[in-house]
Amino acid sequence: MVLDSVAAERVPELTDRVVRAAFPKGTLAVRVREVLGPVFDDERFRSAFSTTGRPAIAPGRLALVCVLQYVEALSDRAAAEAVRARMDWKYLLGLELDDPGFHYSALSEFRSRLCRHGLESAVLEAVVDRCRAADLIAEGGEVRVDSTRIVSAAKVLNRMEFVAETLRLALETIAVAAPDWLAERIDADQQARYDRPIDQWKLPAGPSDVGRWVATVGADGYGLLEAVDTAAAVDDRFDWLLRLPAVVVLRRVWGQQFRPDAEGKAVWRRGKELPAGCELIETPHDPDARPGFKRGTGWTGWKLHLAETCGDTERPNLICHADTTDAAAADIARLDAILESLPAPAAVYGDTGYMSIHKVLGAAARGIDLVGLMRSANQSGRLFDQAAFSIDWKHRTARCPGGHPPALWTRATNRAGHPVSTIKWSADTCNPCPLRAECTNAKSHKWGRQLTVLPYREHQALVEHRAQESTPEWRARYRRRAGVEGTISQTLHRTRIRRSRYRGRRKTHLGHCLAAAAIDLIRIDAWAQGCHRATTRTTHLARVRLKSPTPALTDSIMKTWKVLRDCRLRGNGVGVAMLGIARLHNLARTA
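It should be emphasised that the depicted structure is a prediction, and the values quoted were computed from it without experimental measurement.

### A word on the packing of aromatic side chains
Here is step 1 of the chain: Summed over all chains, the structure comprises 10 aromatic pairs.
Here is step 2 of the chain: On the numbers, 6.4 Å between centres and 80° between planes, the contact of Trp-201 with Trp-213 is edge-to-face. Linking Trp-201 in the loop between α10 (188-194) and α11 (207-234) with Trp-213 in helix α11, this pair joins segments that are 12 residues apart in sequence.
Here is step 3 of the chain: Taking the relative accessible area as the measure of exposure, Trp-201 reaches 14% and is therefore buried.
Here is step 4 of the chain: For Trp-213, a relative accessible area of 14% translates into the label buried.
Here is step 5 of the chain: Site record: aromatic cluster; members linked through ring pairs are Phe-40, Phe-45 and Phe-110.
Here is step 6 of the chain: Across from the ring centre of Tyr-70, 4.0 Å away, lies the NZ or CZ of Arg-501, which sits over that ring.

Below is the structure:
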């Protein structure tokens, strides 16, 4: 199809008159058109269309309809029907009242076309550009970022179901593409095993039965891959079998899940033999999805990073960037890409997952103030931290709190590739030291306390940053970051993207960009109506002003609380904690 741009700079006169008479107070579509004008320009999507063929439906209008689908949670059929039947949609799209619309399949084809040509982010970028042109997003403003989990659209399978379904899907694909070739290389037993979906199987339960089942399925998979390789090597006409997506996935899965034993039989890979989560395929129906785990929650799919404007009371808070990554990817790994895509912010707020002193210094070099809590190196809180040690970078020596010099100072690199120094004290020095219990819990017979320190410049910057974190002014400023969690909640509940609608990273990312653009339109509509930003909801009980306790009572409560905390940290019995709780209860009754 060839792109035939349609001018939509103005709404047809009859459409404008009828819609204003029918909706005197306006609707979301009417108010968005009045604020932003024509949201999408057809030229932005020109690279996705040919220079020959029949004229295409205006891609700007299709993009706007895709966004409105997320605004109102509509299917393709319902959205196409709304274009034909709803006057306010015709007003937003700049259509005549008698415009017949288009077939609903055009929306699916348009989304696939965007993914094939790498234009997944073009929709959100167009909305952000329009908002910037309408002075709804200011240059040099503040931005806050956060991430959330996205579950894959594919069904979750256990390991046995996963490998069997991968093999069955490869056989099913070859049965469509080369049925005669497959008929010569598969026997009746294999056909009976894999001729139905995996949810109709009765999997073995006993250990011996499972072992035989694994060996059988593994041998079938190796046999199919060998047959494909042999056919491609003997006859060039079968090279295309090697490039079938289902065969490519089968080869990767068998390499990850199986290994041949001494007799050549297929056996499970265990523990460290399995690849890392960023490489591990979890389902053949969505090979791009990866396993993720965070705060006790595991899922298979993706991670969505959202960045929104904040700190400007004159403008609405709008999402300006959406980034889709593997579920196993760390937040900090995507920070540079997020900063590069933002419209020149003066400050960016993020949680601990996005923070490191190297990121802070890198952002400062670009004129961006990166604000967030640094991860503590002393997670337990019971041992001396680095501030208790005297470190001399010039002479490469140090003094521990007990006054002892280290036995070893070496240079290395951390997991992020940054240079660090490792300082070690010998066990002969640490074991007799009276401060050992407060300094180290090392079990090694050779080494005692160990420190990993950054180079002097980064170390001093980290010390200064942590000193700022304790000031009331910094904490009051950092409270702005919490608002992005409300944005994520609104996006998940309004657009229903917790579970992806599509399979594959590109289409999933396109869905996230459409959802982010939909939230922007919803917020622009609320801002046009003068709706105030929502505040954190509190219960009536939380708003009751309690009688302030006396200073002596406050000191007693705090001492009791410290006892409880020490009991928890040191793993003491439940009885001590219960006594402390009873004491707190009695203190509260006498308040």
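Text resumes after the structure shown.
### So, the nonpolar core
Here is step 1 of the chain: Counting residues in hydrophobic clusters, the biggest one holds 87 residues, and the most contacted among them are Phe-40, Phe-45 and Val-123.
Here is step 2 of the chain: With 11 residues, helix α21 (residues 505-528) is the single largest residue contributor to this core.
Here is step 3 of the chain: Ignoring sequence-local partners within four residues, the contact set of Phe-45 consists of Phe-40, Pro-59, Gly-60, Ala-63, Phe-110, Leu-114, Leu-119, Ala-122 and Val-123.
Here is step 4 of the chain: With 36 residues, the next largest nonpolar core counts Leu-167, Leu-171, Leu-182 and Ala-227 among its residues.

### Details of the sheet that holds strand β12 (residues 419-426)
Here is step 1 of the chain: Spatially, the three strands line up as an open sheet ordered β11-β12-β13, and their pairing is antiparallel. The open sheet has two edge strands with one neighbour each: β11 (408-413) and β13 (447-453). Within the sheet, the average angular offset between the axes of one strand and its neighbour, ignoring direction, is 25°.
Here is step 2 of the chain: Pairing of β11 with β12, which is carried by six bridges, proceeds in the antiparallel orientation. Residue pairing across strands places Leu-408 opposite Lys-424, the latter belonging to β12.

### Some points on the environment of Pro-345
Here is step 1 of the chain: Note that Pro-345 resides in the loop between α14 (335-341) and β7 (347-349).
Here is step 2 of the chain: If near-sequence neighbours (up to four positions away) are discounted, Pro-345 is found in contact with Gly-140, Gly-141, Val-143, Gly-367 and Ile-368.

### Examining the pattern of salt bridges
Close approach of charged atoms allows side chains with opposite charge to pair.
Here is step 1 of the chain: Here the structure, examined in full by the defined rule, presents 37 salt bridges.
Here is step 2 of the chain: Among the salt bridges present, the one from Arg-315 reaches Asp-135, with a minimum N-O distance of 3.0 Å. Of this pair, Arg-315 sits in the loop between β5 (297-310) and β6 (319-326) while Asp-135 sits in the loop between α7 (122-133) and β1 (142-151), placing them 180 residues apart in sequence.
Here is step 3 of the chain: One continuous salt-bridge network, built from bridges that share partners, spans Arg-44, Asp-129, Arg-132 and Glu-139.

### As for unusual backbone geometry
Here is step 1 of the chain: Within the chain, Ala-73 stands out as a residue other than glycine whose phi angle is a positive 55°.
Here is step 2 of the chain: Within the secondary structure, Ala-73 sits in the loop between α3 (59-72) and α4 (76-85).
Here is step 3 of the chain: Among the residues examined, Ala-73 registers a relative accessible area of 35% and is labelled partly exposed.
Here is step 4 of the chain: If you check the backbone angles, Asp-135 has positive phi at about 65° while not being a glycine.

### Concerning the packing of helix α8 (residues 159-177) against helix α13 (residues 245-257)
Here is step 1 of the chain: Following both chains from N to C, one finds α8 and α13 inclined at 150°, their axes separated by 9 Å at the closest point. On the basis of their axis angle, the class for α8 and α13 is roughly antiparallel. Crossing of α8 over α13 shows left-handed handedness. Two secondary-structure elements touch here, α8 through Arg-159, Phe-162, Val-163, Thr-166, Leu-167, Leu-169, Ala-170, Thr-173 and Ile-174 and α13 through Ala-246, Val-247, Val-249, Leu-250, Val-253, Trp-254 and Gln-257.

### Here's the deal with the pairing of β5
Here is step 1 of the chain: Counting buried residues in β5 gives 12 out of 14 residues, a clear majority hidden from the surface.
Here is step 2 of the chain: Pairing analysis gives five bridges linking strand β4 (residues 290-294) to β5, with the strands arranged antiparallel. In the strand pairing of β5, Gly-292 is matched with Trp-299.
Here is step 3 of the chain: Hairpin connection from β4 to β5: two residues lie between these consecutive antiparallel strands, with Arg-295 at a positive phi of about 50°.
Here is step 4 of the chain: Taken together, the seven bridges between β5 and β6 define a ladder with antiparallel strand orientation. When the sheet's bridge partners are listed, His-305 is paired in β6 with Asp-323.

### Structural notes on the packing of α3 against helix α6 (residues 105-116)
Here is step 1 of the chain: One way to put it is that α3 packs onto α6 with a least axis distance of 10 Å and a crossing angle of 100°. The orientation of α3 relative to α6 falls into the category roughly perpendicular. Across the interface between the two elements, Pro-59, Leu-62, Ala-63, Val-65, Cys-66 and Gln-69 from α3 touch Ala-106, Leu-107, Phe-110 and Arg-111 from α6.
Here is step 2 of the chain: Among the residues forming the contact of α3 with α6, the class breakdown is eight nonpolar, one polar and one charged.

Rules and cut-offs
Residues numbered from 1 in each chain as written. Predicted model: local features only at pLDDT ≥ 70, side-chain atom pairs only at ≥ 80, totals over all residues. Heavy atoms only, no water. Phe/Tyr/Trp six-rings, centres within 6.5 Å; stacked < 30°, edge-to-face > 60°. Helix = DSSP H or I, 4+ residues; strand = E, 2+ residues; numbered from the N terminus. Buried < 20%, exposed > 50% of the residue type's maximum accessible area, 1.4 Å probe, protein only. Lys NZ or Arg CZ within 6 Å of the ring centre and 35° of its normal. Core = buried A, V, L, I, M, F, W, Y, C linked by side-chain atoms within 4.5 Å. Contact = heavy atoms within 4.5 Å. Pairing = 2+ DSSP bridges. Axes fitted to C-alpha atoms, helices over the stretch in contact; angles between N-to-C directions. Salt bridge = Lys/Arg side-chain N within 4 Å of Asp/Glu carboxyl O. Parallel < 35°, antiparallel > 145°, perpendicular 65-115°, else oblique. Left-handed = near helix turned anticlockwise from the far one by under 90°. Nonpolar A, V, L, I, M, F, W, Y, C, P; charged D, E, K, R; others polar.

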